[in-house]
Amino acid sequence: MRVRHNVALTDANTLGFSALASRYVEVATLDEACQALALARRYCWPLTVLGGGSNVIMQHYLSGLVLRPVGQARWIEALDDKRALLHVEAGVPWHTLVVELAQAGWWGTENLALIPGCTGAAPIQNIGAYGVELADVLEAVHIVHLEDGRYEILTREACCFGYRDSIFKHALQDRVVIVRVVLRLEREPKPRLEYGGLSQRVPVKPIPIDIVDAICALRREKLPDPAVLGNVGSFFKNPVVAESLASRLYQSYPDMPIYPTVTGDAKLAAGWLIERCGFKGYREQHVGVHDRQALVLVHHGGGNARELLDLAERIKLAVYECFGVMLEPEPRVIGNEGH
Ligand code: FAD
Ligand code: EPU
């Protein structure tokens, strides 16, 4: 384990904003993570845990210590001939894992293909796509508390998962490092094809890798590749509003997508609201809104977090003035503007 100083993080965030970490350490094992945490406690360095940087808006300077879990191990624990638990260390790239599992014929994670980032970050916002959320396949999360180095295993129930939500955004925000995720896998075919025209894109009896391939193709049609155009996927969550407000909006906008939720509320499509406010394809000097998906804000190069956040505020205000609906950002802002 080596703590490095003044490390550039420009390639470590998918928006591609220029950023510098005062101190930076990669930890490959539990032992190294505990040593790094002890060091941070001793010198009172504030800690930022970083994965693939695909859901953060990085401001220029990160003081204290940036800790990046990079453990790559994964191993299977068979439950019976049809079910298994998969233990995965935090540093494993999520999409690589999904492809590996699908190629090996396991069902469970295939709809979550092509989501960037590391497995250790997946529980933070309960990653979701194409009708499936991490919570549907998660068994447990292994964590280390930053405060005292205590190791704990959280069950799925203890993670309090919701739509783009978990205990890691509330009681445990900035208080733990996730070191391992345990997933439930099945051999029994369980295709989930209800969402977004998926069923028309796969064979009648698909195997997991057919679904991975179809989802990758669908996603590539809409979402920009961060290697080409900086972005963090959806910039806002889809707003969940009272059914009464959704009905009123529907009277005025009969083509507005509205999805009922299990709680009796309604989820609206933030991308639709933003497009209706005229922002799709909008561009300022360095930042803008993607021309194929209005929910994705993009960085064209040479810009910074402030410019993107200012644009996001203008979009929020326009949507609120037009529809009376408040959008909430999905990614987190980390670091400070100045040195
Ligand atoms: P980071 O951005 O590095 O970190 C995100 C947050 O998690 C930060 O607060 C960080 O401190 C914390 N964190 C990271 N690792 C750990 C850890 N080991 N322990 C404790 N805290 C940690 N998300 C979806 O849900 N569905 C999608 O379909 C989707 N599509 C996307 C498409 C694109 C093109 C992009 C760029 C992003 C997309 N995302 C999507 C968002 C993002 O990929 C996920 O949220 C992903 O899980 C973030 O992983 P990361 O490793 O990059 O996390
Ligand atoms: N829409 C528009 N205009 C747009 C974009 C979308 O009218 O510019 C409409 C679509 O026509 C559709 C609806 O909005 O009727 C929903 O669009 P889409 O299916 O593209 O999904 P989304 O709601 O925009 C969500 C997730 C994505 C996830 C996809 C697929 C959120 C915030 N976003 O996007 O997650 O990949 O569904 O399941 O829930 C992410 O979180 O970063 C992310 C990319």
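Anything mentioned here points back to the structure above.
Chains are numbered independently. Their residues run from 1 in the order of the written sequence. Throughout, the order in which chains and ligands are written sets their labels, letters from A for the former and numbers from 1 for the latter. Two thresholds apply to this predicted model, a pLDDT of at least 70 for residue-level local features and 80 or more for giving and counting side-chain atom pairs, whereas whole-chain, interface and lining totals are computed over all residues. The basis for every side-chain value is the complete set of non-hydrogen atoms in the structure, without hydrogens or water.

Asker: Please provide a residue-by-residue account of the pattern of salt bridges, values included.
Answerer: The salt bridge criterion pairs a side-chain nitrogen of Lys or Arg with a carboxyl oxygen of Asp or Glu, the two atoms within 4 Å. Tallied over the entire structure, the rule returns 19 salt bridges. A salt bridge links glutamate 188 to lysine 82; the nearest nitrogen and oxygen atoms lie 3.8 Å apart. With glutamate 188 in the loop between strand E13 (176-186) and helix H3 (208-222) and lysine 82 in the loop between strand E7 (74-78) and strand E8 (83-89), this residue pair connects regions lying 106 residues apart in the sequence. Of the residues examined, glutamate 188 reaches a relative accessible area of 38% and is grouped as partly exposed. When its relative accessible area of 41% is taken as the criterion, lysine 82 is described as partly exposed. Across the pair arginine 306 and aspartate 310 runs a salt bridge, and its minimum N-O distance is 3.2 Å. Of the two residues, arginine 306 and aspartate 310 are both situated in helix H6 (residues 305-323); the distance of 4 residues between them amounts to about one turn of the helix. Each residue is placed in one exposure class: buried if its accessible area under a 1.4 Å probe, protein chains only, is under 20% of its type's maximum, exposed if it is over 50%, and partly exposed if it falls in between. Judged by its relative accessible area of 34%, aspartate 310 is partly exposed. Connected via shared salt-bridge partners are Asp148, Arg150 and Glu152. Helical segments are the DSSP runs of H or I of at least four residues, strand segments are the runs of E of at least two, and each set is numbered from the N terminus.

Asker: Requested: an account of the packing of aromatic side chains, with residues and values cited.
Answerer: Working definition: a ring pair exists when centres of Phe, Tyr or Trp rings (six-membered ring for Trp) sit within 6.5 Å. Plane angles under 30 degrees give stacked, over 60 give edge-to-face, the rest tilted. Overall, the coordinates contain 7 aromatic pairs when judged by the stated rule. Note on tyrosine 43 and tryptophan 45: the rings are 5.2 Å apart at their centroids and 25 degrees apart in plane angle, and the pair reads as stacked. With a relative accessible area of 47%, tyrosine 43 lands in the partly exposed category. Tryptophan 45 gets classed as buried once you look at its relative accessible area, which sits at 18%. A ring pair is formed by phenylalanine 279 and tyrosine 282, whose centres lie 5.6 Å apart and whose planes are at 85 degrees; its orientation type is edge-to-face.

Asker: How would you explain the site of ligand 1 if you had to name every residue and give the values?
Answerer: Taken together, 32 residues are adjacent to ligand 1, and Val49, Gly51, Gly52, Ser54 and Asn55 come closest. The definition of a polar contact used here is a pair of N or O atoms within 3.5 Å, where within protein one atom must be able to donate a hydrogen and the other to accept one, and adjacent residues in sequence count solely through side-chain atom pairs. Note that an oxygen atom of ligand 1 is positioned 2.7 Å from one of the backbone N or O atoms of glycine 51. One nitrogen or oxygen atom from the side chain of glutamine 125 is found 3.0 Å from an oxygen atom belonging to ligand 1. Elements that contribute at least two residues to the shell around ligand 1 include exactly strand E9 (128-129) and E13. Counting residues per element, the shell around ligand 1 draws most heavily on E13, at 3 residues. Each residue is assigned to one class: nonpolar for Ala, Val, Leu, Ile, Met, Phe, Trp, Tyr, Cys and Pro, charged for Asp, Glu, Lys and Arg, and polar for all the others, Gly among them. Split into classes, the residues belonging to the shell around ligand 1 amount to 17 nonpolar, 12 polar and 3 charged. Being near a molecule or strand, for a residue, means having at least one of its heavy atoms within 4 Å of it.

Asker: So what's going on with the sheet that holds strand E15 (residues 240-241)? Which residues, and what values?
Answerer: For two strands to be treated as a pair, DSSP must find at least two bridges joining them. Read across the open sheet, the 3 strands follow the order E15-E17-E16; overall the sheet is antiparallel. The open sheet terminates on both sides in strands that have one partner only, identified here as E15 and strand E16 (258-260). One ladder, built from 3 bridges, connects E16 with strand E17 (residues 266-268); its direction is antiparallel. Residue proline 260 lies in a different strand from E17, and its bridge partner there is alanine 266.

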